[in-house]
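Each chain, letter by letter, is given below.
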Amino acid sequence: MTKKSNSDVAVHPGSFRDPAGFMFTSRKVIYRQINKVGAKDYDFFMSSGLYQALVDKKLLIPHREVELSISLNHSLAYKIIKPSVIPFISYPYEWSFSQLKSAALLTLEIQQIALQHGMTLKDATAYNVQFVGKSPIFIDTLSFSIYEPGAPWEGYKQFCEHFLAPLAVASTSSPNILTTLKTMIDGVPLELATRLLPAKSRLRLGLTSHLYIHKTAQSRHKNTETERIKPRVVSMFALKGLISSLERTIKKCNMPKVKTEWGNYYSFTNYSGAAFKAKKLLVEKYIQKVKPKNIWDLGGNTGEFSHIPASKGIYTICFDIDPLAVEKNFLTREEASDDNLLPLVQDLTNASPNLGWAHSERQSLEERGPADLCMALAIVHHLAIGNNLPLEMIAEFFSSLGKHLIIEFIPKEDSKVKILLKSRPDIFPNYTKEGFEKAMARYFKIESSEPIKGSKRTLYLLRSKNVKG
């Protein structure tokens, strides 16, 4: 929940667990308050060279210190910093397999560098990592504490539950399992992970050490009486060995070989080369007309059309329901668009909701918008016919996501729609071009519409009536 004051200052709803400080906004600008209790760690973090080392390697989001007068709570405040802005906040349950893996390796690399500077990560939650384009970056400046000789890694359990356990389970089953992190925002419990893993996973030394033996130790401590458990002494050599072992284990977790419906979509499209080119040119024309600063490509598959705006410097989020398509998009390296293209897993028929404490820690998809421009290419027939969603509901939903919309209507005469209707009765009398335009007109102003040459499809440019600007 967001606390507000008369000065338009609000605590970020997802930042309240760390006594060392919290995030807040003032006039829509994001700041982080460092409380007096976190002063010692913060000062060491800055003076030890760790901050600069991480920023120079582009592993940590940079910040600058600002006037203390902007503080939300002057009695607690030590310093106020203004971090660089992340273009779009995403969550682990929206990442592909390799995105979660890269976030895990980033966290371990940061822990290794921190130890070299006399510090350690006091937590290892996946929510401390964000993506700027396809590059992971650490965002929590207050996750670092001064290393105490002999102390174990406080973030070890959290790392295993947020990273290793879901990656291990997904690598032995399906990447779809990662979407269940939506209901397990504190990570996959080791007890559950070890039950889900096949018996042969015990033959992998890393999984045995960090999941099975770790789980047994957890269970033993859980059943201990009320007497406080005295942490065992861990040498620096052993601590570094633990991090190296985790790194090797994570690297050995690989995406399973699975076939999905949309992973090779563009290999089986019914477009002719000319029609495909005509569609791209029309999309470019509409984008140029809107001149957006950001774009959401809804149902963007492997990012074929997302690369158009991204390569022109427009920050683009490519959402798709298929984790394999998102995986391919993430692993495809195109220097012209990598910094501006973020692929994410998103089921539009069950979009990410508000989650966490008081349903406010993690924002819904709608709350992270609206985008300047949304693209919905080759998706309406899947929603309307494949999922029985009325066209008016689709229009209403899209109008809440973006100020403008490029949307493609695919008629029943199109071969892709014929495939959807092949094994079911046609109960969609309103699924016509006229019915589509009528439904869209309730929530959008139709600014342009043009047939895609060489196909039976039409591309529209719409402006939402629900979103200002």
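This text goes with the structure placed above it.
Residues numbered from 1 in each chain as written. Predicted model: local features only at pLDDT ≥ 70, side-chain atom pairs only at ≥ 80, totals over all residues. Heavy atoms only, no water.

A. Highlighting the sheet that holds strand β10 (residues 294-298). In space, the seven strands of this open sheet follow the order β12-β11-β10-β13-β14-β16-β15, with mixed pairing throughout. The open sheet has two free edges, formed respectively by β12 (341-345) and β15 (444-451), since each of these has just one partner strand. Taking each pair of neighbouring strands and ignoring which way they run, the sheet shows an average axis angle of 20 degrees. One ladder, built from five bridges, connects strand β11 (residues 315-320) with β12; its direction is parallel. Directly across from F319, in β12, lies its bridge partner L344. Most of the contacts of helix α10 (residues 323-331) go to β12, to which it runs at about 160 degrees, and overall it touches β11 and β12. (Pairing = 2+ DSSP bridges. Helix = DSSP H or I, 4+ residues; strand = E, 2+ residues; numbered from the N terminus. Axes fitted to C-alpha atoms, helices over the stretch in contact; angles between N-to-C directions. Contact = heavy atoms within 4.5 Å.)

B. Structural detail: α10. By the criterion of burial, α10 is predominantly enclosed, with seven of the nine residues buried. All of the buried residues along α10 are P323, L324, A325, V326, E327, N329 and F330. Here the buried face of α10 lies against α3 (97-116), β7 (129-132), α9 (307-310), β11 and β12. One side-chain oxygen at the N-terminal end of α10 lies 2.9 Å from the backbone nitrogen of L324; it belongs to D322. (Buried < 20%, exposed > 50% of the residue type's maximum accessible area, 1.4 Å probe, protein only. Polar contact = N/O pair within 3.5 Å; in protein donor to acceptor, adjacent residues only side chain to side chain.)

C. Seen up close, the packing of α3 against helix α4 (residues 156-171). Where α3 meets α4, the closest approach of the two axes is 10 Å, and the angle between their N-to-C directions is 145 degrees. Crossing angle aside, the handedness with which α3 passes α4 is left-handed. In contact with F97, L100, K101, A103, A104, T107 and L108 of α3, α4 contributes F159, H162, F163, P166, L167, A170 and S171. Partitioned by chemical class, the residues of the contact of α3 with α4 number ten nonpolar, three polar and one charged. (Left-handed = near helix turned anticlockwise from the far one by under 90°. Nonpolar A, V, L, I, M, F, W, Y, C, P; charged D, E, K, R; others polar.)

D. View of the pattern of salt bridges. Scanning all chains against the criterion turns up 20 salt bridges. In this structure, the salt-bridge partner of R32 is D140, at a minimum N-O distance of 3.2 Å. A residue pair is termed long-range when its members are at least 10 positions apart, and R32 in strand β3 (residues 29-35) and D140 in the loop between β8 (135-138) and β9 (144-146) qualify at 108 residues. Among the residues examined, D140 registers a relative accessible area of 11% and is labelled buried. It is possible to trace a salt-bridge network through shared partners that takes in K279, E408, D414 and R457. (Salt bridge = Lys/Arg side-chain N within 4 Å of Asp/Glu carboxyl O.)

E. Summary view of the packing of aromatic side chains. Evaluated as defined, the whole model comprises 19 aromatic pairs. Between F88 and F319, the aromatic rings sit 6.1 Å apart at their centres with planes inclined by 70 degrees, giving edge-to-face as the arrangement. With F88 in the loop between β5 (77-83) and α3 and F319 in strand β11, this pair connects stretches of sequence that are 231 residues apart. Per residue, the accessibility class of F88 equals that of F319, and both read buried. When the ring of F397 is compared with that of F398, the centres are 6.1 Å apart and the planes differ by 35 degrees; the resulting orientation is tilted. Accessibility assignment for this pair places F397 and F398 in one class, buried. R362 extends its terminal NZ or CZ atom over the ring of Y127, reaching a point 3.8 Å from the ring centre. (Phe/Tyr/Trp six-rings, centres within 6.5 Å; stacked < 30°, edge-to-face > 60°. Lys NZ or Arg CZ within 6 Å of the ring centre and 35° of its normal.)

F. Local environment of the nonpolar core. If you look at the biggest cluster of nonpolar residues, it comprises 99 residues, and the most contacted ones within it are F144, W153, W296, F398, I407 and Y431. Dropping the residues within four chain positions of it, I407 is found in contact with A376, V380, F398, F436, M440, T458, L459, Y460 and L462. (Core = buried A, V, L, I, M, F, W, Y, C linked by side-chain atoms within 4.5 Å.)

G. Representation of the sheet that holds strand β2 (residues 21-26) in the model. Spatially, five strands are ordered β1-β2-β3-β5-β4 in an open sheet, and the strand pairing comes out antiparallel. Only two strands of the sheet have a single neighbouring strand rather than two, namely β1 (9-11) and β4 (63-66). Sheet twist, expressed as the average angle between the axes of neighbouring strands with direction ignored, equals 35 degrees. Looking at chain direction, β1 and β2 are connected through three bridges and run antiparallel. Looking at β2, one finds that V9 is bridged to S26. Against the sheet, helix α1 (residues 39-47) engages β3, β4 and β5, with an angle of about 45 degrees to β5.

H. Highlighting the environment of R27. Looking at the secondary structure, you find R27 in the loop between β2 and β3. Note on R27: relative accessible area 63%, which makes it exposed.

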